[in-house]
Amino acid sequence: MKVLGQVKKSVILGIISVIMRVGRCKLCGRRMIVHLRYANLSLCEDHFINFFENRVLRTIKRYKLLKDNEKVAVAVSGGKDSIVLLHVLNKLAKDMNFSLSVLHIDLGISGYSNRCRELVEKYVNEYNLELNLMNMNSEDLSIDEIASIKKLNRKLCSICGVIKRYWLNRMAYEIGADKLATGHTLDDADQILIQCLISGDMRQLYKLYPIVYSATHPKLVTRIRPLFESPEEDILLYAKIEGLEFIERPCPYASGALSLDIKKLLNEIESRHPNTKLSIYRNFVKKIRYLLDVYSEGEIGTCKICGFPSSVGECSYCRLKRRVLEYRKR
Ligand SMILES: [Zn+2]
Ligand SMILES: [Zn+2]
């Protein structure tokens, strides 16, 4: 009877200690805010913030994204990913000895772009940062305008991509930045990886790396993606805990894009098989990417119209601009 009593007592104590630990931060025992299934780790607010920022720092160090004393142009759309990227880099800048300059493109989407711009301006003013604005209305090339042209509106997302890639590189170059940082996430990395397999675009797949030197051209700024190992659900939680304001509505033109379906599918797999998203990307980098070395670009040509990098005589942006003008004349 005595032995049985002791067994019962130890079982009860065991259950109590499990109950006490459930809902507690693994590192400090305070109330947990999140359980990260991919790492089997429960964390409180403070330890989650540390965990998140340290992961970005590790990505920066592992892939040698930054050097001492560099000027980093940060592309900020006003969405959660780029606002979080800016916030983390802003925290790291002093210790790591780099300076920041913010780039924002007003795409001219009515009822949307104004709000994005306001949110970026608010952050920049609060932290006294430098802001470089490009307004697509002043180029007569707003997304609303392009959407109104029947022949172009089906490819709107890729056209928007052309505009952003072109102006972000050009603005970064014109302010003398050493690096151009974008808020691409782990979810973006996996999604692009799958889309490259679907389309067979191996050149694009080769570039799926946290730092892209790619082709050499005097007017091409090296791109970095410090959030490439951070999943979007963590980015959202980080933004909420840090009280960051960002645009919560999706772009009004983005519905039905293949990229969104791929991300949804990846999250379904992740929910049943934790750590899938990071494994896909890490294994690609470790075991597949070097096999694609043949797809690395050596040098790239120059656009005869604007003087910026282009693989053909006229860059995609100048071509777009010319075509929009032609449609407008009709
Ligand atoms: Zn804690
Ligand atoms: Zn051009």
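Read on for an overview of the structure. None of these values were measured; they are calculated from a predicted model. (Residues numbered from 1 in each chain as written. Chains lettered and ligands numbered in written order. Predicted model: local features only at pLDDT ≥ 70, side-chain atom pairs only at ≥ 80, totals over all residues. Heavy atoms only, no water.)

1. A few points about empty space enclosed by the protein
Next up, step 1: One pass over the full model with this rule turns up two cavities of 30 Å³ or more.
Next up, step 2: Of the pockets and cavities examined, the largest cavity occupies roughly 60 Å³.
Next up, step 3: If you trace the largest cavity, you find it lined by Tyr38, Arg55, Leu186, Glu229, Pro231, Glu233, Glu270, Asn275, Lys277 and Leu278.
Next up, step 4: Class assignment for the residues of the lining of the largest cavity results in four nonpolar, one polar and five charged. (1 Å grid on protein atoms, 1.4 Å probe; cavity = no way out; pocket = protein on both sides within 12 Å on 5 of 7 lines; lining within 4 Å. Points joined across faces, edges and corners; volume = space filled by probe spheres on them. Nonpolar A, V, L, I, M, F, W, Y, C, P; charged D, E, K, R; others polar.)

2. Some thoughts on a nonpolar patch on the surface
Next up, step 1: Side chains of Ile288, Tyr290 and Leu291 sit close together on the surface and give an oily, nonpolar patch of about 330 Å² of accessible area.
Next up, step 2: Mapping leucine 291 onto the fold places it in the loop between helix H11 (276–288) and strand S9 (301–302). (Patch = residues over 30% accessible without salt bridge, like charges linked within 9 Å, V, L, I, M, F, W, Y side chains within 5 Å. Areas by Shrake-Rupley, 256 points an atom, 1.4 Å probe, with all protein chains shown as cover. Salt bridge = Lys/Arg side-chain N within 4 Å of Asp/Glu carboxyl O. Helix = DSSP H or I, 4+ residues; strand = E, 2+ residues; numbered from the N terminus.)

3. Considering the coordination of the zinc ion (ligand 2)
Next up, step 1: Taken together, the protein ligands of the zinc ion (ligand 2) are Cys303 (SG), Cys306 (SG), Cys315 (SG) and Cys318 (SG), with distances of 2.3 Å.
Next up, step 2: Classification of the site at the zinc ion (ligand 2) rests on its four donor atoms, whose angles at the metal span 104 to 116°, yielding the label tetrahedral.
Next up, step 3: Read from N- to C-terminus, the donor residues coordinating the zinc ion (ligand 2) fall into the pattern C-x2-C-x8-C-x2-C. You can see cysteine 306 sitting in the loop between S9 and strand S10 (309–310) and its partner cysteine 318 sitting in helix H12 (residues 316–329), a full twelve residues away along the chain.
Next up, step 4: Residue cysteine 306 is classed as buried on the basis of its relative accessible area, which comes to 19%. (Donors = N, O, S within 2.8 Å, 3.2 Å for Na, K, Ca; no water. Tetrahedral: all angles 85-135°; square planar, octahedral: opposite > 155°, others 65-115°. Buried < 20%, exposed > 50% of the residue type's maximum accessible area, 1.4 Å probe, protein only.)

4. Here's the deal with the coordination of the zinc ion (ligand 1)
Where a metal carries four tetrahedral donors, each ideal angle is 109.5 degrees; where it carries six octahedral donors, the ideal angles are 90 or 180 degrees.
Next up, step 1: Only Cys25 (SG), Cys28 (SG), Cys44 (SG) and His47 (ND1) from the protein reach the zinc ion (ligand 1) as donors, at distances of 2.0 to 2.4 Å.
Next up, step 2: Angles of 101 to 114° at the metal separate the four donor atoms of the zinc ion (ligand 1), which places the site in the tetrahedral class.
Next up, step 3: Each donor residue of the zinc ion (ligand 1) lies on the same chain, and together they follow the pattern C-x2-C-x15-C-x2-H. Of this pair, cysteine 25 sits in the loop between helix H1 (2–21) and strand S1 (34–36) while histidine 47 is found in helix H2 (residues 45–62), placing the two residues 22 residues apart along the sequence.
Next up, step 4: Looking at cysteine 25, the relative accessible area reads 4%, which means it is buried.

5. Section: the pairing of strand S4 (residues 99–106)
Next up, step 1: With seven of its eight residues buried, S4 lies for the most part within the structure.
Next up, step 2: As judged from the five bridges shared by strand S3 (residues 71–75) and S4, these two strands associate in the parallel manner. Counterpart to lysine 71 in the pairing with S4 is serine 99.
Next up, step 3: For the crossover that starts at S3, traverses helix H3 (residues 80–96) and ends in the parallel S4, the hand is right-handed.
Next up, step 4: Here S4 pairs with strand S5 (residues 131–135) via five bridges, running parallel. Bridging across to S5, leucine 103 finds its partner in asparagine 132.
Next up, step 5: One crossover worth recording links S4 to the parallel S5 by way of helix H4 (residues 113–126), and it is right-handed. (Pairing = 2+ DSSP bridges. Right-handed = clockwise from strand over helix to strand, strands pointing away.)

Keep in mind these numbers describe shape, not what the thing actually does.
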